[in-house]
Amino acid sequence: MEGVSIDVPWYMREPLYLQWKQWDCQSDCRYYCMLDREKEREAFGHGPVKYHGKWPFKRVYGIQEPVSVAFSALNLAIHFHGWLSFFILLYYKLPLNKDKKAYYEYASLWHIYGFLSMNSWFWSAVFHSRDVDLTEKLDYSSVVALLGYSLILAILRIFNVRNEAARVMVAAPLLAFVTTHIMYLNFYKLDYGWNMKVCVVMAVAQLLLWVIWGGVSRHPSRQKLWVVVVGGGLAMLLEIYDFPPYKGFLDAHALWHATTIPLTYIWWSFIRDDAEFLTANLLKKAK
């Protein structure tokens with residue numbers, strides 16, 4: 001119970017599956033009162049309503065949104081598989097230069113992208129399993145960091161920026177903005193509306209850059225790129241079209257997590273194709 005010493009007898013303590021999620025008597029009572037209230041509303045023919053800004057989800061072993069957690073974990077796994085296959089391709093299948101480094105000049109940038117993606121989905125799973133102030137800020141901050149870096153990476157790859165000094169000049173302003181925004185969310189105000197606008201602008205900007213570049217450059221794997229861009233754009237609509245969770249589990253946000261799983265697989269396939277394409281071109285020029 002809240003405020004009870006840890007030296008109390010074991011039979012007075014919360015179950016372990018609730019303790020690890022920091023559920024106390026007060027939060028647990030709110031949860032069951034919410035379920036009772038929803039049963040009453042359903043009996044009178046009324047639909048679900050939000051409580052403190054969240055739909056009434058049904059917990060599973062203390063996990064608040066089990067479906068979103070499962071899809072977040074799957075996204076993390078797909079990103080890990082994609083990054084690992086990219087790593088194996090670069091250093092075990094494609095030829096290396098004299099310094100035992102990959103010819104693909106964007107390899108290190110994609111490695112960082114892979115780490116930020118896995119980090120983002122990890123904190124997404126944590127946040128959806130237990131919504132507290134700390135997990136919320138870690139989730140939001142990770143998403144902003146990933147979107148900001150993805151925009152930088154898109155600019156560097158699309159405009160073929162290879163010089164280190166030029167890369168720094170391109171990345172510095174965007175990194176400064178993203179860092180400032182993350183600090184604003186964490187230490188000043190967690191403004192949901194403003195954060196949504198920032199995230200949407202960064203996401204739409206890079207989607208437009210990729211889709212235009214795919215057509216102009218005539219990249220051999222542009223079809224995969226367009227599938228990801230169009231699919232990602234349509235998936236974003238699920239963030240706008242919000243609806244109550246079906247049976248207390250599946251809502252629009254969870255469906256958005258589900259749609260990104262196959263798109264992520266295709267995206268890493270495009271990245272591998274791009275590495276093979278540029279490596280082949282560099283080797284031809286070397287000859």
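The paragraphs below set out a description of the structure included in this document. Sequence order as written defines residue numbering, which begins from 1 separately in each chain. In keeping with the model being predicted, local features are shown solely for residues with a pLDDT of at least 70 and side-chain atom pairs are shown and tallied solely at 80 or more, while totals for entire chains, interfaces and linings include all residues. Each side-chain value is worked out from all heavy atoms of the structure, with water and hydrogens disregarded.

Numbering goes from the N terminus for both helices and strands, where a helix is a DSSP run of H or I of at least four residues and a strand is a run of E of at least two. From N to C terminus, the protein includes nine helices and zero strands. Contacts: residue pairs with any heavy atoms within 4.5 Å of one another. A sequence separation of at least 24 residues applies to 68% of the contacts in the protein between residues at least 6 apart. Counting every atom, the protein has about 16,500 Å² of accessible surface; 67% of that belongs to carbon and sulfur. For the accessible areas, the method is Shrake-Rupley and the probe is 1.4 Å, while residue cover comes only from the protein chains on display.

Orientation is described by axes fitted as lines to C-alpha atoms, over the contacting stretch for helices, and by angles from 0 to 180 degrees between their N-to-C directions. Orientation of helix H5 (residues 133–158) relative to helix H7 (residues 192–217), taken along the N-to-C sense of each, is 25°, at an axis distance of 10 Å. Looking at the two axes, H5 sits roughly parallel to H7. For the pair H5 and H7, the sense of crossing is left-handed. Counted together, Glu 136, Tyr 140, Val 143, Val 144, Leu 147, Gly 148, Ser 150, Leu 151, Ala 154, Ile 155, Arg 157 and Ile 158 of H5 and Tyr 192, Asn 195, Cys 199, Met 202, Ala 203, Ala 205, Gln 206, Leu 209, Trp 210 and Trp 213 of H7 form the full contact between these two elements. In this count, Pro and Cys sit with the nonpolar residues alongside Ala, Val, Leu, Ile, Met, Phe, Trp and Tyr, while Asp, Glu, Lys and Arg are called charged and the others, Gly among them, polar. Tallied by class, the residues present in the contact of H5 with H7 amount to 16 nonpolar, four polar and two charged. Between 65 and 115 degrees an angle is taken as roughly perpendicular, under 35 as roughly parallel, over 145 as roughly antiparallel, and anywhere else as oblique. Crossing handedness is defined as follows: a turn of the near helix away from the far one that is anticlockwise and smaller than a right angle gives a left-handed crossing, while the clockwise case is right-handed.

To continue, consider unusual backbone geometry. Within the chain, Lys 100 stands out as a residue other than glycine whose phi angle is a positive 60°. With respect to the helices and strands, the residue Lys 100 is situated in the loop between helix H3 (66–93) and helix H4 (107–129). The buried label goes to any residue with under 20% of its type's maximum accessible area, the exposed label to any with over 50%, and the partly exposed label to all in between, with areas taken from a 1.4 Å probe on protein chains only. The exposure class assigned to Lys 100 is exposed, which follows from its relative accessible area of 64%. Even without being glycine, Arg 218 reaches a positive phi, approximately 60°. On the secondary structure map, Arg 218 appears in the loop between H7 and helix H8 (222–240).

Attention now moves to H7. Between the first and last residue of a helix there are one fewer steps than residues, each counted as 1.5 Å, and that sum is the expected span. Relative to the 38 Å expected for 26 residues at 1.5 Å per residue, H7 spans 37 Å between its end C-alpha atoms, a close match to the ideal helical length. As used in this structure description, the phrase polar contact means that two N or O atoms lie within 3.5 Å; if the pair is within protein, one of them must be able to donate a hydrogen and the other to accept it, and residues adjacent in sequence are counted only when both atoms belong to side chains. N-capping of H7 is provided by Asp 191, with a side-chain oxygen placed 3.2 Å from the backbone N of Gly 193. Note on H7: the residue one or two positions beyond its end, Arg 218, has a positive phi of about 60°.

In this section: the packing of aromatic side chains. Any two rings among Phe, Tyr and Trp, with Trp reduced to its six-membered ring, count as a pair given centres within 6.5 Å; such a pair is stacked if its planes are under 30 degrees apart, edge-to-face if over 60, and tilted if neither. Per the stated rule, a full pass over the model turns up 19 aromatic pairs. A centroid spacing of 5.8 Å and a plane angle of 50° characterise the contact between Tyr 113 and Trp 268, whose relative ring orientation is tilted. Residue Tyr 113 is found in helix H4, and its partner Trp 268 is found in helix H9 (residues 252–286); the two are separated by 155 residues along the sequence. With centroids separated by 5.4 Å and ring planes inclined at 80°, the aromatic side chains of Trp 210 and Trp 267 adopt a geometry described as edge-to-face. One end of the pair, Trp 210, is in helix H7; the other, Trp 267, is in helix H9, and 57 residues separate them in sequence. This pair shows no difference in class: Trp 210 is buried, exactly as Trp 267 is.

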